[in-house]
Amino acid sequence: ACQERGQRTVAVYSDADRAALHVRYADQAYRIGPPPARESYLNIPAVIEAALASGAEAVHPGYGFLSENEEFAAAVQDVGLAWVGPPPAAIRAMGDKVQARRTMIAAGVPVVPGSDSAPGCDPCAGLSDAEALAAAKDLGYPVLVKAAAGGGGKGMRTVMEPSELPRALAAARREAKSAFGDDNVYLEKLITRARHIEIQVLADSFGNCIHLGERECSIQRRHQKLIEEAPSVAVTPELRAQMGEIAVRAAQAVSYSNAGTVEFLLDRAGSFYFLEMNTRLQVEHPVTELVTGVDIVKEQLALAAG
């Protein structure tokens, strides 16, 4: 995308990736550390140092490592570089799943019924076993235990009946603490046999936002997507317009800009519920590009340039 726009590129690499394709493809390449990611690709000062040393004007975070890290986004902007992604505040707003749900509820975006929608319940302070049992009873089984700071299926457990809940809570907290450094969990009603539909959005820094339709990623293994399909066979033109409008509303509720993806669950009755927002380019973005003819990365660069 940069080459087609006439822009020079700078790659960073760890010792393990010295001969990687992206390193050979770029105009310049800078070593940022040894193979362990925490000493290279997750090392914010090293990435910033390479960007400044190269004379770069902007940083594109890709779709892994630091791509949804608000501290990295802020650090890039603090040294006067353009960040090819959403504002740090939007990353933060959508990164905490409980807070994101509350923001969506306030914006009129439908969410899956959960423990955090009960009056007076504050799951951010940590849902106790007793509170979880009471919330699960109100929601009705089956339920999902979910990590407040989670993603990718980590810190998530399915619970079919009350006797399973204490063990599931303990396991989810332990996994969440290990993966995200935060052991807070909340409950959601489990929507059985739901389809997983995600809407690609693009927003500029002037308040304008559009969607590029949906991708369906219902075929998963261990909460990891196996197949992405567009358009979805379950989404009618009317439903597409409705989901797209809600996805745009969700993005605008956090003053979003650049590319992002709003994920929904679609039940068998045709109702849909906000799941989360990916505040970055997703690895599956070419599926939408092939269907729409829009080069999303080129759009990201244009949006970041104002």
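Since we're looking at a predicted model, the values are computed, not measured.

Colleague: Quick rundown of the sheet that holds strand β9 (residues 209–216)? Include the residues and the values.
Modeller: On the basis of which strands lie adjacent, the open sheet formed by four strands has the order β9-β8-β12-β13 and antiparallel pairing. Two strands in the sheet have a free side with no partner beyond their single neighbour: β9 and β13 (272–278). For this sheet the average axis-to-axis angle between neighbouring strands, irrespective of direction, equals 25°. This element, helix α8 (residues 237–253), spans β8 (195–203), β9, β12 (258–266) and β13 of the sheet and lies at about 125° to β9.

Colleague: Please give an account of the environment of Cys 2 that cites residues and values.
Modeller: With respect to the secondary-structure elements, Cys 2 resides in the segment before β1 (10–14). The class for Cys 2 is partly exposed, based on a relative accessible area of 21%. Distance in space between the C-alpha atoms of Cys 2 and Pro 142 is 48 Å, their sequence separation being 140 residues. Excluding residues within four positions of it along the chain, Cys 2 makes contact with Gln 7, Thr 9 and Leu 301.

Colleague: Describe the packing of aromatic side chains, and please don't skip the residues or the numbers.
Modeller: Scanning the model with the defined rule gives three aromatic pairs in all. Ring geometry for Phe 72 against Trp 83: centres 5.5 Å apart, planes inclined by 90°, an arrangement best described as edge-to-face. With Phe 72 in helix α3 (residues 70–78) and Trp 83 in strand β4 (residues 82–83), the pair connects residues that are eleven residues apart, well separated along the chain.

Colleague: For the sheet that holds strand β5 (residues 143–147), give the residues involved together with the corresponding values.
Modeller: On the basis of which strands lie adjacent, the open sheet formed by three strands has the order β6-β5-β7 and antiparallel pairing. Edge positions in the open sheet fall to β6 (157–159) and β7 (185–189), since each of these has one partner strand only. The sheet shows a mean angle of 30° between the axes of neighbouring strands, taken without regard to direction. One ladder, built from three bridges, connects β5 with β6; its direction is antiparallel. Across the sheet, residue Val 143 finds its bridge partner in β6, namely Val 159. Its contacts with the sheet put helix α6 (residues 129–139) on β5 and β7, and the angle it makes with β7 is roughly 15°.

Colleague: Would you mind going over a nonpolar patch on the surface in detail, with residue names and values included?
Modeller: Taken together, the side chains of Ile 219, Leu 226 and Ile 227 make up a nonpolar region of the molecular surface, amounting to roughly 300 Å² of accessible area. By the element assignment, Leu 226 lies in the loop between β11 (224–225) and α8. By relative accessible area, Leu 226 is classed as exposed at 56%.

Colleague: Residue-level account of the pattern of salt bridges, with values.
Modeller: Side chains that carry opposite charge are capable of pairing whenever their charged atoms lie near each other. By the definition in use, this model includes 18 salt bridges. Notably, a salt bridge pairs Lys 146 with Glu 188, separated by 3.4 Å at the nearest N-O pair. Of the two residues, Lys 146 is situated in strand β5 and Glu 188 in strand β7; the sequence distance between them amounts to 42 residues. Pair check on accessibility: Lys 146 and Glu 188 agree, each one buried.

Colleague: Tell me about α3, and please be specific about residues and values.
Modeller: Regarding α3, the residues found buried are Phe 72, Ala 73, Ala 75 and Val 76. Along the axis of α3, the buried positions cluster into a sector of 160°, meaning they face one direction only. The exposed set on the far side of α3, more than 90 degrees from its buried face, consists of Glu 71 and Asp 78. Taken together, the buried residues of α3 touch α2 (44–54), β3 (58–59), β4 and α4 (88–95). Capping of α3 at its N-terminal end is provided by Asn 69; its side-chain oxygen lies 2.9 Å from the backbone amide nitrogen of Glu 71. Gly 80, located one to two residues past α3, shows a positive phi value of around 85°.

Colleague: Got a sec to walk through the side chain of Ser 257? Specific residues and values, please.
Modeller: Position of Ser 257 among the secondary structure elements: in the loop between α8 and β12. Discounting residues that sit within four places of it in the chain, Ser 257 has contacts with Gly 85, Pro 86, Pro 87, Ala 203, Asp 204 and Ser 205.

Conventions we followed
- Residues numbered from 1 in each chain as written.
- Predicted model: local features only at pLDDT ≥ 70, side-chain atom pairs only at ≥ 80, totals over all residues.
- Heavy atoms only, no water.
- Pairing = 2+ DSSP bridges.
- Helix = DSSP H or I, 4+ residues; strand = E, 2+ residues; numbered from the N terminus.
- Axes fitted to C-alpha atoms, helices over the stretch in contact; angles between N-to-C directions.
- Contact = heavy atoms within 4.5 Å.
- Buried < 20%, exposed > 50% of the residue type's maximum accessible area, 1.4 Å probe, protein only.
- Phe/Tyr/Trp six-rings, centres within 6.5 Å; stacked < 30°, edge-to-face > 60°.
- Patch = residues over 30% accessible without salt bridge, like charges linked within 9 Å, V, L, I, M, F, W, Y side chains within 5 Å.
- Areas by Shrake-Rupley, 256 points an atom, 1.4 Å probe, with all protein chains shown as cover.
- Salt bridge = Lys/Arg side-chain N within 4 Å of Asp/Glu carboxyl O.
- Arc of directions from axis to C-beta.
- Polar contact = N/O pair within 3.5 Å; in protein donor to acceptor, adjacent residues only side chain to side chain.

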